[in-house]
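These are the residues of each chain, in order.
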Amino acid sequence: MEIRFQNSPKETSRMNTEELRANFLAQNLVQDDVVKMVYSHYDRVIIGGAKPINQTLQLENHPELRAEYFLERREIGIINVGGAGKVEADGTIFDLEKLSCLYLGKGTKEVSFSSINPNNPAVFYLLSSPAHQTYPAQKMTKDEASPGTMGAVETANERTIYRYIHLDGIKSSQLVMGLTILKTGSVWNTMPAHTHTRRMEAYFYFDVPPEQRVIHLMGEPTETRHLLVANHEAIISPPWSIHSGCGTANYGFIWGMAGENLVYSDMDAIAIGDLR
């Protein structure tokens, strides 16, 4: 598990491209038969990926957690962006098709990941945060996730938003999690942009064609920076930073937050004309 510490807005404004990528871009999250984790000191969130092909993968503990097992004091959201797969949690098996979500609460001791077909393996994206209360495990498909359409063709941001873990969805201690899929011909996400200093956010991009990229905007509204992101890469977004992107083709991304509250709509909007 890789450990990443916090960076201030002033420090970030002086970073070059490689320094920005080293601090805020998570690459190689999805590796064959590996569970890869990145621990961020922004709200102590852990992001990760698991791609089981030839074996069942275990959610292993890590010394940095100082815990008996990974979810002793944590909760986790899991979304599958690959082929059909299974997650087993303390003996209960959950079948996850593509874009299905599973929440596991604090106190879940044993978690494993497997694929139904190794020729079309599951790709599990993981988002975990500290938890102060235990909530039951719950699975939700994309059709159950209260999908809503936003944006328009005229602004190149027509998209469908699926909300899984939030105040009116799957119950959690502090995780908020869902995904967005852009319509064909639309490329912008989360524009106009916003910040929310009360919680961090992470973006995991998927279904980005191999030859395409997403230009992710970050930084303070008046000190924006950009990162080019490929398929199955993630952005760790500080609470003070905007988080928005424009792709060279349409794509999907998983968004997830942790921090002060569970209200999905809690954000401080930034007018497009005020960005610099």
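Located above this text is the structure these notes cover.
Residues numbered from 1 in each chain as written. Predicted model: local features only at pLDDT ≥ 70, side-chain atom pairs only at ≥ 80, totals over all residues. Heavy atoms only, no water.

Student: Just to check I follow, could you spell out the overall build of the protein chain for this structure?
Tutor: Along the protein chain, the regular secondary structure elements total 2 helices and 24 strands. Its C-alpha atoms give the protein chain a radius of gyration of 18 Å, within 12% of the compact-globule value 19 Å for 276 residues. Its C-alpha atoms give the protein chain principal-axis dimensions of about 55 × 40 × 35 Å. In the protein chain, which comprises 276 residues, the share counted as buried stands at 53%. (Helix = DSSP H or I, 4+ residues; strand = E, 2+ residues; numbered from the N terminus. Rg over C-alpha atoms; globule rule 2.2 N^0.38 Å. Buried < 20%, exposed > 50% of the residue type's maximum accessible area, 1.4 Å probe, protein only.)

Student: Which parts of the structure should I look at to understand the sheet that holds strand S18 (residues 199-206)?
Tutor: Sheet strands pair via backbone hydrogen bonds, and the direction of the pair is either parallel or antiparallel. Strand order in the open sheet formed by 7 strands is S2-S21-S18-S23-S15-S14-S13, with antiparallel pairing between adjacent strands. Looking along the sheet, the strands with just one partner apiece sit at the ends: strand S2 (25-26) and strand S13 (148-150). Sheet analysis places strand S15 (residues 176-182) next to strand S23 (residues 252-259), joined by 6 bridges and oriented antiparallel. The residue bridging Leu179 from the neighbouring strand is Ile254, located in S23. (Pairing = 2+ DSSP bridges.)

Student: Explanation requested: the nonpolar core in the structure shown.
Tutor: The nonpolar side chains of a soluble globular protein tend to be buried with one another. Ranked by internal contacts, the top residues of the largest apolar core, which has 53 residues, are Ile47, Tyr125, Tyr164, Phe204, Tyr205 and Ile254. A per-element tally of this core places S18 first, with 6 residues. Ignoring anything within four residues of it in the chain, the contact list for Phe204 reads Leu29, Val30, Val81, Tyr125, His232, Glu233, Ala234, Gly252, Phe253 and Ile254. Met37, Tyr39, Ala50 and Phe113 belong to the second largest nonpolar core, which has 23 residues in total. (Core = buried A, V, L, I, M, F, W, Y, C linked by side-chain atoms within 4.5 Å. Contact = heavy atoms within 4.5 Å.)

Student: Would you mind going over the packing of aromatic side chains with me for this structure?
Tutor: Where two aromatic rings form a pair, the distance of their centres and the angle of their planes describe that pair. Inspection of the entire model under this criterion finds 7 aromatic pairs. With centroids separated by 4.5 Å and ring planes inclined at 15 degrees, the aromatic side chains of Tyr125 and Phe204 adopt a geometry described as stacked. Here the residue Tyr125 occupies a position in strand S11 (residues 124-130), and Phe204 occupies one in strand S18, the gap between them amounting to 79 residues. Take Tyr125: its relative accessible area is 1%, and that puts it in the buried class. Overall, Phe204 belongs to the buried group, its relative accessible area being 1%. A ring pair is formed by Tyr205 and Phe253, whose centres lie 5.8 Å apart and whose planes are at 40 degrees; its orientation type is tilted. (Phe/Tyr/Trp six-rings, centres within 6.5 Å; stacked < 30°, edge-to-face > 60°.)

Student: Help me understand the sheet that holds strand S16 (residues 188-189), please; the structure alone is not making it clear to me.
Tutor: In space, the 4 strands of this open sheet follow the order S16-S22-S19-S20, with antiparallel pairing throughout. In this open sheet, the two strands that pair with only one neighbour each are S16 and strand S20 (223-229). Sheet strands in contact with helix H2 (residues 17-24) are strand S19 (214-220) and S20, and its direction is about 75 degrees off that of S20. (Axes fitted to C-alpha atoms, helices over the stretch in contact; angles between N-to-C directions.)

Student: Explain the pairing of strand S3 (residues 35-40) to me, please; I cannot follow it from the model alone.
Tutor: Working note: regular strand, side chains alternate between the two faces of the sheet. Alignment of strand S1 (residues 2-4) against S3, held across 3 bridges, turns out to be parallel. Counterpart to Glu2 in the pairing with S3 is Val38. Here S3 runs beside strand S4 (residues 46-50); their pairing, made up of 5 bridges, is antiparallel. What sits directly across from Val35, in S4, is Ala50. Taking the residues between adjacent antiparallel strands as the criterion, S3 and S4 are bridged by 5 residues, where Asp43 takes a positive phi near 55 degrees.

Student: How should I be thinking about unusual backbone geometry in this particular structure?
Tutor: Most peptide bonds are trans, and most residues other than glycine sit at a negative phi. Of the consecutive residues Met191 and Pro192, the connecting peptide bond is found in the cis state with omega at 5 degrees. Looking at the element boundaries, Pro192 is found in the loop between S16 and strand S17 (194-195). The residue Asp90 is not glycine, and still its phi comes out positive at about 50 degrees. Positionally, Asp90 belongs in the loop between strand S7 (85-89) and strand S8 (92-96). Of note, the phi angle at Asp207 is positive, near 55 degrees, even though the residue is not glycine. Along the chain, the position of Asp207 falls in the loop between S18 and S19. With relative accessibility at 40%, the residue Asp207 sits in the partly exposed group.

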